[in-house]
Amino acid sequence: MANASNSSAGAGRRVDAATNTETVGHEWDGIEELDTPMPRWWLWTFYATILFSIGYVIAYPAIPGLHQGSQGLLGWSSRSQLDKELKSAASDRARTVAVLRTMPIEDLPKHPELMHAAVAGGAAAFKVNCVQCHGAGAAGSNGFPNLNDDDWLWGGDLATIQQTLLHGIRQPGDVETRMSQMPAFGKDGILTPAQIQDVTSYVLSLSGKERASAASGRGAAVFQANCAVCHGADAKGSRQFGAPNLSDAIWLYAGTREAVSAQVTNPRHGVMPAWGGRLDPVTIKMLAAYVHSLGGGEAFTQASPPIGAPSPSPR
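On a predicted model such as this, the values are computed, not experimentally measured, just so you know.

*Asks:* Help me understand helix 10 (residues 281-293) in this model?
*Replies:* Since the α-helix advances by 3.6 residues per turn, residues separated by three or four positions end up pointing in the same direction. End to end, helix 10 covers 18 Å across 13 residues, agreeing with the expected 18 Å (1.5 Å per residue, within 8%). Most of helix 10 is tucked away: 11 of the 13 residues are buried. Buried residues of helix 10: V282, T283, I284, K285, M286, L287, A288, A289, Y290, V291 and H292, and no others. Contact partners of the buried residues in helix 10: helix 2 (78-102), helix 3 (112-129) and helix 5 (158-167).

Structure, rendered in structure tokens:
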């Protein structure tokens, strides 16, 4: 293969006949480079950027020093800009908090912007206080309710959720806490082991996990005599007692035969903290708005007082 030549590298500059432009003086395999001048607009733009950079260095902090940089004639700094933005955000938040503090929670849906702000604040509070039990996505786990669905033990409107957050569930020392107690039908000898197995068959048949059988038939009679007072004759549950709906295949402690039988024999009772003594009222209101927004929130209904709590006085 022939070697490339660069025979004219020092041949000197000349004027190209075709373009009447001087060359830079070197050639590569017959190709020469023209010394074409830059367009005037490009040069003026370049000069303008130089002038702008000089002005910027004078006006703004730009030159680093041993202990601190130059301050600039305008006195601007990113720290002061951030401080202004933080103060503005704090002022906006203070106004929002002031309105939320006085507004009844059931009126929040009438004010979409305020509701949006409350949901955003509640999402932040949820990540700090609630994910440990309900999970980052609020889907819950064994023994901790899924807050995304529309299956509620005590009710799912804003005011009811707020009440639950304020006073908790089975919170010792709080007279307004949500309180219910399922009997230990097996441990306390209320039902025989055979009756427990029959009523387990009946409960599982309600959600289609087992087919109807002679055992479920016997269990239906046991259920009506012992369980319907809380769960209802149709087993749809009762929010007054926090008794779950047994026919929807949604289980707090799993829906296997072993789990249902164990719950009837010696039931587990979950406890939720009363956040009223830990969080301020506005944060609780925002948490209620966030939980309500997750997908299962219900329209406002007049909340029933907890069992054992005094009835509210008429206004």
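After that view of the structure, there is still more to cover.
*Asks:* It is not clear to me how the packing of helix 2 against helix 10 should be interpreted in this structure. Could you clarify?
*Replies:* A packed helix pair is summarised by two numbers, namely the angle formed by the two axes and the spacing between the axes. Two elements in contact, helix 2 and helix 10, have axes whose closest approach is 9 Å; the angle formed by their N-to-C orientations is 85 degrees. Considered as vectors, helix 2 and helix 10 are oriented roughly perpendicular to each other. Residues R93, V97, L100 and R101 of helix 2 pack against V282, K285 and M286 of helix 10. In terms of residue class, the contact of helix 2 with helix 10 is built from 4 nonpolar, no polar and 3 charged.

*Asks:* Mind showing me how you'd approach the sheet that holds strand 1 (residues 15-16) here?
*Replies:* Strand pairing in a sheet takes place through backbone hydrogen bonds and is either antiparallel or parallel in direction. Pairing is antiparallel in the open sheet, where 3 strands are placed in the order 1-2-3. This sheet does not close on itself; its edge strands, each paired only once, are strand 1 and strand 3 (31-34). Taken together, the 2 bridges between strand 1 and strand 2 (residues 21-28) define a ladder with antiparallel strand orientation. In the strand pairing of strand 2, D16 is matched with T21.

*Asks:* Mind showing me how you'd approach the nonpolar core here?
*Replies:* Soluble globular proteins tend to pack their nonpolar side chains together in the buried interior. Counting residues in each nonpolar core, the largest one holds 33 residues, and the members touching the most others are L100, L108, F126, L165, L287 and A289. Per element, the largest residue contribution to this core is 8 residues, and it comes from helix 10. Listed in part, the 15 residues of the second largest apolar core include Y202, V203, F223 and L246.

*Asks:* Looking at this model, I keep getting lost on the pattern of salt bridges. Mind explaining?
*Replies:* Pairing between side chains of opposite charge can happen when their charged atoms approach one another. Applying the stated criterion across every chain, the model contains 9 salt bridges. Taking the shortest distance from any N to any O, the salt bridge between D107 and K110 comes out at 3.2 Å. On the basis of relative accessibility, which here comes to 61%, the residue K110 falls in the exposed class. For D198, the salt bridge goes to R218, with nearest N and O atoms at 3.0 Å. Note that D198 is positioned in helix 6 (residues 193-206) and R218 in helix 7 (residues 214-226), a separation of 20 residues in sequence. Using a relative accessible area of 45% as the deciding quantity, one classes R218 as partly exposed. Linked by salt bridges that have partners in common, R13, E22 and D35 make up one network.

*Asks:* Which parts of the structure should I look at to understand the pairing of strand 3?
*Replies:* Taken residue by residue, a regular strand's side chains alternate between the two faces of the sheet. The pairing of strand 2 with strand 3 spans 3 bridges and is antiparallel. Within strand 3, the position partnered with W28 by the bridge is I31. The turn linking strand 2 back onto strand 3 is made up of 2 residues, and D29 within it adopts a positive phi angle of 50 degrees.

*Asks:* Can you help me understand the packing of helix 6 against helix 7 in this one?
*Replies:* Orientation of helix 6 relative to helix 7, taken along the N-to-C sense of each, is 100 degrees, at an axis distance of 7 Å. It follows that helix 6 is roughly perpendicular to helix 7 by the angle criterion. Across the interface between the two elements, Q195, D198, V199, S201, Y202, V203 and S205 from helix 6 touch A215, S216, R218, G219, A220, V222, F223 and Q224 from helix 7.

*Asks:* Honestly, helix 5 in this entry has me stumped. Any pointers?
*Replies:* Counting buried positions over the 10 residues of helix 5 gives 9, a clear majority of the element. Burial in helix 5 covers these residues: L158, A159, T160, I161, Q162, Q163, T164, L165 and H167. The inward-facing, buried residues of helix 5 contact helix 3 and helix 10. Taking the backbone nitrogen of A159 as reference, a side-chain oxygen 3.1 Å away marks D157 as the first, capping residue of helix 5. Two residues or fewer after helix 5 comes G168, characterised by a positive phi angle close to 70 degrees.

*Asks:* What should I look at first to understand the packing of aromatic side chains in this one?
*Replies:* Working definition: an aromatic ring pair is given by the centre-to-centre distance plus the angle between the planes. Tallying each qualifying case throughout the model produces 8 aromatic pairs. Note on W42 and F46: the rings are 5.7 Å apart at their centroids and 15 degrees apart in plane angle, and the pair reads as stacked. Note that W42 and F46 are positioned in helix 1 (residues 40-59) at a spacing of 4 residues, about one turn of the helix. Looking at F46, the relative accessible area reads 39%, which means it is partly exposed. When the ring of W44 is compared with that of Y47, the centres are 5.8 Å apart and the planes differ by 85 degrees; the resulting orientation is edge-to-face. With a gap of 3 residues between them, W44 and Y47 both fall in helix 1, about one helical turn apart. We classify W44 as exposed; its relative accessible area is 59%. By relative accessible area, Y47 is classed as partly exposed at 40%. A network of ring pairs unites the aromatic residues W42, W44, F46 and Y47 as a single cluster. Just above the ring of W275 sits the side chain of R278; from NZ or CZ to the centre is 5.3 Å.

Thresholds applied
Residues numbered from 1 in each chain as written. Predicted model: local features only at pLDDT ≥ 70, side-chain atom pairs only at ≥ 80, totals over all residues. Heavy atoms only, no water. Helix = DSSP H or I, 4+ residues; strand = E, 2+ residues; numbered from the N terminus. Expected span 1.5 Å × (residues − 1). Buried < 20%, exposed > 50% of the residue type's maximum accessible area, 1.4 Å probe, protein only. Contact = heavy atoms within 4.5 Å. Axes fitted to C-alpha atoms, helices over the stretch in contact; angles between N-to-C directions. Parallel < 35°, antiparallel > 145°, perpendicular 65-115°, else oblique. Nonpolar A, V, L, I, M, F, W, Y, C, P; charged D, E, K, R; others polar. Pairing = 2+ DSSP bridges. Core = buried A, V, L, I, M, F, W, Y, C linked by side-chain atoms within 4.5 Å. Salt bridge = Lys/Arg side-chain N within 4 Å of Asp/Glu carboxyl O. Polar contact = N/O pair within 3.5 Å; in protein donor to acceptor, adjacent residues only side chain to side chain. Phe/Tyr/Trp six-rings, centres within 6.5 Å; stacked < 30°, edge-to-face > 60°. Lys NZ or Arg CZ within 6 Å of the ring centre and 35° of its normal.

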